[in-house]
Amino acid sequence: MDQQTPQPAGAENLVCSRCGTVAEGAPPTWTCSVENGVRRYFCDSCARENIRAIEGRLDSPWW
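Reference entry: report on the structure contained in this document.

Calculation criteria
Residues numbered from 1 in each chain as written. Predicted model: local features only at pLDDT ≥ 70, side-chain atom pairs only at ≥ 80, totals over all residues. Heavy atoms only, no water. Helix = DSSP H or I, 4+ residues; strand = E, 2+ residues; numbered from the N terminus. Buried < 20%, exposed > 50% of the residue type's maximum accessible area, 1.4 Å probe, protein only. Contact = heavy atoms within 4.5 Å.

Regarding the overall build of the protein chain
Part 1 of the argument: Counting its secondary structure elements, the protein chain contains 2 helices and 4 strands.
Part 2 of the argument: Helices and strands in the protein chain line up, N terminus first, as β-β-β-β-α-α.
Part 3 of the argument: In the protein chain, which comprises 63 residues, the proportion classed as buried is 32%.
Part 4 of the argument: For the protein chain, contacts bridging at least 24 residues in sequence account for 31% of all contacts bridging at least 6.

In structure tokens:
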């Protein structure tokens, strides 16, 4: 899948860094990760599919 450019904190709409899903505001169920100093957001589906990698603290390019 194509990597999307992460949105800065406080942006009105967040974009999932993995699949490109757009959400209004900051959904409380989305996952936020800081990779190499860049904040990345992941939707519920992408987070569920990759939970082991996330818990293992692997950067998203590894998934």
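Following the structure, the description resumes.
With respect to the environment of N13
Part 1 of the argument: Within the secondary structure, N13 sits in strand β1 (residues 13–15).
Part 2 of the argument: Distance from N13 to P27, taken between C-alpha atoms, is 9.7 Å for residues 14 residues apart in sequence.

Examining the side chain of E35
Part 1 of the argument: One can find E35 in strand β3 (residues 31–35).
Part 2 of the argument: On the basis of relative accessibility, which here comes to 3%, the residue E35 falls in the buried class.
Part 3 of the argument: Residue contacts for E35: discarding those within four places in its chain leaves R40, F42, D59, S60 and P61.

Considerations on unusual backbone geometry
Part 1 of the argument: Although it is not a glycine, N36 sits at a positive phi angle of roughly 55°.
Part 2 of the argument: With respect to the helices and strands, N36 occurs in the loop between β3 and β4 (38–42).
Part 3 of the argument: Exposure remark for N36: the relative accessible area of 74% places this residue in the exposed category.

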